[in-house]
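Secondary and tertiary structure notes
So you can see what is in the structure, the chains are spelled out below.
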Amino acid sequence: MEKLKSIILKIKNGERPEREELLYIVSARRTVTKEVREWMYSLARERAVGVYGHDIYLRGLIEFTNYCRNNCYYCGLRRDNRTVNRYRLTREQILDCADKGYELNFRTIVLQGGEDPAYSDDDICSIVRGIKERHPDCAVTLSIGEKSRESYQKYFDAGADRYLLRHETANAAHYRRLHPSELSMENRMRCLLDLRDIGFQIGAGFMVGSPGQTDECYADDLAYLLELQPHMIGIGPFIPHHETPFRDEAAGTLEDTLYFLAVLRIMFPEVLLPATTALGTIHPRGREMGVLAGANVIMPNLSPTSVRKDYLLYDGKICTGDEAAECRYCMERRMESIGYKVVTSRGDHAGFEAERRV
Ligand code: 5AD
Ligand code: SF4
Ligand code: FES
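Everything numeric in this text was worked out from a predicted model, so none of it was measured. (Residues numbered from 1 in each chain as written. Chains lettered and ligands numbered in written order. Predicted model: local features only at pLDDT ≥ 70, side-chain atom pairs only at ≥ 80, totals over all residues. Heavy atoms only, no water.)

1. Comments concerning the packing of helix α6 (residues 149–157) against helix α8 (residues 185–198)
Applied cut-off: Every angle, taken between N-to-C directions, lies between 0 and 180 degrees, and every axis is a line fitted to C-alpha atoms, over only the stretch in contact when it is a helix. The helix count covers DSSP runs of H or I at least four residues long, the strand count covers runs of E at least two residues long, and both are numbered beginning at the N terminus. We call a crossing left-handed when the near helix sits turned anticlockwise from the far one by less than a right angle, and right-handed when that turn is clockwise. Contacts between residues were defined by any pair of non-hydrogen atoms, one from each residue, lying within 4.5 Å. For this scheme, ten residues count as nonpolar: Ala, Val, Leu, Ile, Met, Phe, Trp, Tyr, Cys and Pro. Four count as charged, namely Asp, Glu, Lys and Arg, and the remainder, Gly too, count as polar.
Orientation of α6 relative to α8, taken along the N-to-C sense of each, is 35°, at an axis distance of 10 Å. The element α6 and its partner α8 pack so that their crossing is right-handed. Residues R149, Y152, Q153 and F156 of α6 form the contact with α8, whose own contacting residues are R190, C191, D194, L195, D197 and I198. For the contact of α6 with α8, the residue count by class is five nonpolar, one polar and four charged.

Dropping the structure here:
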């Protein structure tokens, strides 16, 4: 445990870890003692509190289409899943959700969907503009997959501020295990570089405990994130969906997810780090535990209740029967119960303004 602690302290002091050290951290999660684990969580909390205080940023998630042209092996919305009741929200419905979100004090709206060609770039831009016109003090985040650089530029010019695109895995063999051959890790990484270059705050990330994920894979993820320096990092446990090829695979664990949240917070003190819905799905207090391991963002759902049960990436997803207002106040109470406070703020990355000025 002394070796683990010394590597962690080295990273905390801003030194760049060697590959061998990353691998050591990753594999140590299996043998780490309860005391050292708690020490890592408290160090992670300390880092988050040092930058963001006890503030928790909310992102209002609008899942506006569950059509997807892709066929990722892990995801319940994959195109080969014929049992999904597919839906698309209209521009008006989306703007209504955003208005409701604004009234509930959300200052970031996330538009998330499968890769659905039915929405043209003009459609997306018109929705982004609609939200920005009504709520100029809101950040708009897009999470709609791999597009051309030209499309990303259009969204940015329409006013979108941020873009979430988990890299999923930075290990080429593992990428192949999770995706059919029509998707490539190179293109995904190209997208992230384009997005950052255009000026978006970018979010990358990966699942914890996905099929075939080895210690090497996690070390590759950490190395890639150190290189990319994204503004946000979304991680959550893999959870099997019964209508996918991974239906019989084991889910990622709470312990591993919390461990990686803490490691990421220690590595990236300023990063925006959500305690994800998937984490809340594998444990009733998973999101609270996530915050206590260094997370500082929560993404409650703003989608209309009528479509929520149709946006199932994995089995057992929580909050599918609750109104936006219920989740909003539920989260406020949950965060208060652990000494944190949800705030009315766009919740930009701490370094973002400074970065933009150079
Ligand atoms: N379990 C957990 N997370 C999943 N995602 C997709 N399918 C699953 C699953 N079965 C994650 C992917 C994707 C994000 C939107 O949700 O990482 O990028
Ligand atoms: Fe589509 Fe995203 Fe699901 Fe892959 S993970 S099938 S791109 S919705
Ligand atoms: Fe949705 Fe608690 S966060 S009901």
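2. Side note on the sheet that holds strand β7 (residues 232–237)
As a reminder, the rule being used: Here a strand pair is declared whenever DSSP counts at least two bridges between the two strands.
Spatial ordering of the open sheet is given by β2-β3-β4-β5-β6-β7, a layout of six strands whose pairing is parallel. Looking at the sheet topology across the chains shown, the edges are occupied by β2 (60–65) and β7. Adjacent strand axes in the sheet meet at a mean angle of 20°, parallel and antiparallel pairs treated alike. Here β2 pairs with strand β3 (residues 108–113) via five bridges, running parallel. Bridging across to β3, E63 finds its partner in Q112. Against the sheet, helix α9 (residues 215–228) touches β6 (201–208) and β7, its axis set at about 175° to β6. Docked against the sheet, helix α10 (residues 254–267) engages β6 and β7, running at close to 165° with respect to β7.

3. Let's talk about helix α5 (residues 121–134)
Every α-helix winds through 3.6 residues per turn, so residues three or four apart in the chain are directed the same way. For clarity, the cut-off: Every helix has an expected span of 1.5 Å times one less than the residues it contains. When accessible area is computed with a 1.4 Å probe and restricted to protein chains, residues below 20% of their type maximum are described as buried, those above 50% as exposed, and intermediate ones as partly exposed.
In this model α5 runs 20 Å from its N-terminal to its C-terminal C-alpha over 14 residues, within 8% of the 20 Å that 1.5 Å per residue would give. For α5, the set of buried residues is D121, I124, C125, I127, V128, G130, I131 and K132. Here the buried face of α5 lies against β2, α4 (91–103), β3, β4 (139–143) and α6.

4. Remarks on the sheet that holds strand β8 (residues 297–298)
Read across the sheet, three strands follow the order β8-β1-β9 without closing on themselves; strand pairing throughout is parallel. Taken across any chain shown, the strands that pair with only one partner, and hence form the sheet edges, are β8 and β9 (341–343). Two strands pair when backbone bridges link them, and strand β1 (residues 55–58) and β8 are joined in this way by two bridges, in the parallel orientation. When the bridges of β8 are listed, Y57 appears paired with V297.

5. Focus: the environment of K3
Within the secondary structure, K3 is located in helix α1 (residues 2–12). The sequence separation of K3 and Y24 amounts to 21 residues, and the corresponding C-alpha distance is 8.6 Å. Among all residues touching K3, those that are not within four sequence positions of it are E20 and Y24.

6. Thoughts on α10
Between the first and last C-alpha of α10 there are 20 Å, a value that for 14 residues agrees with the 20 Å anticipated at 1.5 Å per step. Buried residues dominate α10, accounting for 13 of its 14 residues.

7. Some thoughts on the site of ligand 2
Applicable threshold: Near, as used in this document, describes a residue that has one of its heavy atoms within 4 Å of the molecule or strand being considered.
The local shell around ligand 2 consists of C68, N70, C72, Y74, C75, R78 and G114. Its residues assigned to classes, the shell around ligand 2 shows four nonpolar, two polar and one charged.

8. Description of the site of ligand 1
Which entries qualify depends on this criterion: Distance and chemistry together define a polar contact, namely a pair of N or O atoms within 3.5 Å, with one atom able to donate a hydrogen and the other to accept it when in protein, and with adjacent residues in sequence counting only for side-chain atoms on both sides. Calculation of accessible area relied on Shrake-Rupley with a 1.4 Å probe; when residues are assessed, cover is drawn exclusively from the protein chains displayed.
Near ligand 1, the surroundings consist of Y74, C75, R166, E168, M207, P237, F238, I239, L313 and Y314. Here R166 contributes a side-chain N or O atom positioned 2.9 Å from an oxygen atom of ligand 1. E168 is positioned such that a nitrogen or oxygen atom in its side chain is 2.5 Å from an oxygen atom of ligand 1. Against a free-state accessible area of 410 Å², the protein chains account for coverage of 86% of ligand 1.

9. Brief notes about the packing of α1 against α10
This is how the line gets drawn: The scheme is simple: roughly parallel for angles under 35 degrees, roughly antiparallel for over 145, roughly perpendicular for 65 to 115, oblique for anything else.
α10 packs onto α1 with a crossing angle of 40° between their chain directions and a minimal axis gap of 8 Å. Viewed along their axes, α1 and α10 adopt a mutual orientation that is oblique. Residues L4, I8, I11 and K12 of α1 touch α10, and the partners they reach there are Y259, I266 and M267.

10. Concerning the pairing of β2
Convention followed: Crossovers are described as right-handed under a simple rule: with the strands pointing away from the observer, the path leading from the first strand over the helix to the second runs clockwise.
Taking burial as the measure, the six residues of β2 include six buried ones, the bulk of the element. Once you follow β2 into α4 and on to β3, the crossover reads as right-handed.

11. Concerning the nonpolar core
Using the following cut-off: Residue types Ala, Val, Leu, Ile, Met, Phe, Trp, Tyr and Cys, when buried and joined through side-chain atoms within 4.5 Å, form a set referred to as a nonpolar core.
Grouped together as the largest cluster of nonpolar side chains are 104 residues, with contacts concentrated most on I62, L111 and Y155. When neighbours within four sequence positions are excluded, I62 is seen to be in contact with L89, I94, C97, A98, I109, V110, L111, Q112, L302 and S303. Ranked by size, the runner-up nonpolar core spans ten residues in total, among them L61, V110, M232 and V297.

12. Concerning the pattern of salt bridges
Here is the rule: When a carboxyl oxygen of Asp or Glu is within 4 Å of a side-chain nitrogen of Lys or Arg, the pair counts as a salt bridge.
Under the criterion given, the structure shown has 30 salt bridges. For R29, the salt bridge is made with D256, and the minimal N-O distance between the two is 3.4 Å. Note that R29 is positioned in the loop between α2 (19–28) and α3 (34–52) and D256 in helix α10, a separation of 227 residues in sequence. When sorted by exposure, R29 lands in the same class as D256, which is buried. A salt bridge links K154 to D121; its shortest N-O distance comes to 3.7 Å. Note that K154 is positioned in helix α6 and D121 in helix α5, a separation of 33 residues in sequence. Among the residues examined, K154 registers a relative accessible area of 41% and is labelled partly exposed. Assessed through its relative accessible area of 18%, D121 is described here as buried. Here the salt bridges do not stand alone but share partners, grouping K132, D161, R162, R346 and D348 into one network.

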